[in-house]
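Summary of structural features
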Amino acid sequence: MKIVYCTPSLYLAGGVERVLTTKVNYLADVVGHDVTVVLTDGAGEEPFYWLSPRVHVIQLDIGFEHMWNRPLWQRAWIYAKGMRIYRRALRRTLMQLQADIVVTTLRREINFICSIPDGSRKIGELHVTRRHYRNFEANENNILKQWLSNLWSRQLIVKLKQLDALIVLTPQEATQWPEIDNIRCIPNPLPFSIATDEERSSRVNNDTDAGSVVCVGRFSYQKGIDLLLSAWVKVVRQHPQWRLDIFGSGDREPYRRQALQEGLIERDSSYESSVLRLMPAAEDIRAEYLSHDIYALSSRFEGFGMVIIEAGACGLPVVAFDCPTGPRELIDDGQTGLIVADGDVDALASALNTLITQKALRERMSIAARKAVRRFDVQHVMQQWQDLFDELKAG
């Protein structure tokens, strides 16, 4: 088949970018489909994650990314101008490609993509929860932004109903869209192989009292890094020989200031200490997982929680807030990790302390986690996508 994906960019170290490259690489290299990715932003930037040379990339260079640091009234003008250009450019592109399937990651093109008469079946894949789709972060809300969010949400339902299929990542999220009758649930696939016993042996056989906890995600309000730092202060009081490493894109500065104030970092200019490292996004994140003992997820919300299955594949038990959505459906509480009350910093610290002090429990959870994530193997997940493609094309 000829398959087209529409997404803003691939140069960021984000979860959507990781999942999308995993899928298109598989479809092109393993299945043999003719796959094209259409981008609007990041012209001149290389993909952060490896992209198969068999995958075609069309860069429309609309430049929506340039509006984010502008005042709201300027954003509105830039957005309106960009949308006029994007509508014409994407229509022209899809009419030329004549794809069998077009998949949108439900960004700006959802406003018009179903009206493009290119003969393709249109699929939308949702990577966030309904509550936070087309919404503003709680720490930057105002009345105007909330009004816009509500308006967009009403318009969104109309557009989603026009799709041939809407894909969500968890059964819990599927229940949040009662208006939509074309909804399916397909989880994200693992982007790498499950760790072997030999790969985990260095951590399992570590007889010292020292160890490390890892967190991977954007330095943003959503990921709750501020909450994790507050919990870590409580942990290091009991276990000063342990270290927390946080890897991610975004602005680390607010979290460095918090860490300095909390006493986790000693020097004004530093992002590292013996108990904490605030690190940029890692290119080989699998290697980082393998070099740690525990994963901590402090998100205020998730669309799926890709890091949970990635950490599990590398044998890390996960300590997580019971946030919407993902942790409750991806973690077997007490078996592959520990789930604590949403936003409860004291409970997060206590759960981390439990795993730090109980090495045997960590070892049991490591084995269980690697078994549990087999259902997210890329071949298994992509077969679900292939079945959907076949069904839509035949219909």
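The model shown is predicted, which means the values in this text are computed figures rather than measured ones.

**Remarks on the overall build of the chain**
A tally of helices and strands in the chain yields 13 helices and 13 strands. On C-alpha atoms alone, the chain measures out to a radius of gyration of 22 Å, which is about the 21 Å that the 2.2 N^0.38 rule sets for 395 residues. C-alpha atoms of the chain, sized along the principal axes, occupy 65 × 45 × 40 Å. Across the chain, the fraction of contacts at a sequence separation of at least 24, relative to all contacts at a separation of at least 6, is 65%. Where the 47 positive side-chain charges of the chain centre and where its 49 negative ones centre are 6 Å apart.

**Regarding the pairing of strand β13 (residues 337-340)**
Residues Gly337 and Ile339 of β13 are buried on one face, and the alternating residues Leu338 and Val340, pointing to the opposite face, are buried as well. Note that strand β12 (residues 318-321) and β13 share four bridges and pair parallel. Paired with phenylalanine 321 across the bridge in β13 is valine 340.

**A closer look at helix α12 (residues 359-372)**
Between the first and last C-alpha of α12 there are 20 Å, a value that for 14 residues agrees with the 20 Å anticipated at 1.5 Å per step. Buried residues of α12: Leu361, Arg362, Met365, Ser366, Ala369 and Arg370, and no others. The buried residues of α12 occupy one face: seen down the axis, they fall within an arc of 160°. Relative to its buried face, α12 has exposed residues pointing more than 90 degrees away, namely Arg364 and Lys371. Close packing links the buried residues of α12 with α5 (197-204), β9 (242-247), β11 (294-297), α9 (306-313), β13 and α11 (345-357).

**Here's the deal with the sheet that holds strand β6 (residues 165-168)**
With parallel pairing, seven strands are arranged side by side in an open sheet as β3-β2-β1-β4-β5-β6-β7. Each edge of the sheet is formed by a strand with only one pairing partner; in this case those strands are β3 (56-59) and β7 (183-185). Going from strand to strand, the sheet's axes swing by 25° on average, the running direction of each strand aside. As judged from the four bridges shared by strand β1 (residues 2-6) and strand β4 (residues 101-104), these two strands associate in the parallel manner. Residue pairing in the sheet places cysteine 6 in a bridge with threonine 104 of β4. Relative to strand β2 (residues 34-39), helix α1 (residues 15-31) is tilted by about 150°, and along the sheet it contacts β1, β2 and β5 (121-125).

**Here we look at the packing of aromatic side chains**
Following the criterion strictly, the structure yields nine aromatic pairs and no others. Ring pairing ties together the aromatic residues Phe64, Tyr79, Tyr86 and Phe112, which thus form one cluster. Seen from the ring of tryptophan 177, arginine 130 lies directly overhead, with NZ or CZ sitting 4.5 Å from the centre. The cationic tip of arginine 300 hangs over the ring face of tyrosine 221; the distance from NZ or CZ to the ring centre is 4.0 Å.

**Some details on the side chain of histidine 239**
Within the secondary structure, histidine 239 sits in the loop between α6 (225-238) and β9. According to the relative accessible area criterion, histidine 239 is buried, its value standing at 9%. When sequence neighbours within four positions are dropped, the list of residues in contact with histidine 239 reads Asn353, Ile356 and Thr357.

**Quick look at the pattern of salt bridges**
A full pass over the atoms with the stated rule returns 19 salt bridges. The partner of lysine 23 in a salt bridge is glutamate 125, and the shortest N-O contact between them spans 2.7 Å. Taken together, the residues span a long stretch of sequence, with lysine 23 in helix α1 and glutamate 125 in strand β5 at a distance of 102 residues. Of the two residues, lysine 23 and glutamate 125, neither departs from the other in class, the shared state being buried. Note that arginine 256 is salt-bridged to glutamate 253, the shortest N-O span being 2.5 Å. Separated by three residues within a single helix, arginine 256 and glutamate 253 lie in helix α7 (residues 253-262), roughly one turn from each other. For arginine 256, a relative accessible area of 9% corresponds to the buried category. Through salt bridges with shared partners, a single ionic network connects Arg243, Asp245 and Arg277.

**Quick word on the environment of glutamate 283**
With respect to the element layout, glutamate 283 can be found in the loop between β10 (276-279) and α8 (285-290). The exposed category is assigned to glutamate 283, whose relative accessible area is 72%. Counting along the chain gives 233 residues from glutamate 283 to tryptophan 50, while the straight-line C-alpha distance between them is 9.7 Å.

**So, the sheet that holds β9**
As summarised here, the arrangement of the six strands in space is β10-β9-β8-β11-β12-β13, forming an open sheet in which the pairing is parallel. Lying at the two open borders of the sheet, with one neighbouring strand each, are β10 and β13. For this sheet the average axis-to-axis angle between neighbouring strands, irrespective of direction, equals 20°. The sheet contact formed by β11 and β12 spans three bridges and is parallel. Bridging across to β12, tyrosine 295 finds its partner in valine 318. Across the sheet, α6 lies against β8 (211-216), β9, β10, β11 and β12, angled at about 170° from β9, the strand it touches most.

Definitions and limits used
- Residues numbered from 1 in each chain as written.
- Predicted model: local features only at pLDDT ≥ 70, side-chain atom pairs only at ≥ 80, totals over all residues.
- Heavy atoms only, no water.
- Helix = DSSP H or I, 4+ residues; strand = E, 2+ residues; numbered from the N terminus.
- Rg over C-alpha atoms; globule rule 2.2 N^0.38 Å.
- Contact = heavy atoms within 4.5 Å.
- Lys, Arg positive; Asp, Glu negative; His and termini not counted.
- Charge placed at Lys NZ, Arg CZ, Asp CG, Glu CD.
- Buried < 20%, exposed > 50% of the residue type's maximum accessible area, 1.4 Å probe, protein only.
- Pairing = 2+ DSSP bridges.
- Expected span 1.5 Å × (residues − 1).
- Arc of directions from axis to C-beta.
- Axes fitted to C-alpha atoms, helices over the stretch in contact; angles between N-to-C directions.
- Phe/Tyr/Trp six-rings, centres within 6.5 Å; stacked < 30°, edge-to-face > 60°.
- Lys NZ or Arg CZ within 6 Å of the ring centre and 35° of its normal.
- Salt bridge = Lys/Arg side-chain N within 4 Å of Asp/Glu carboxyl O.

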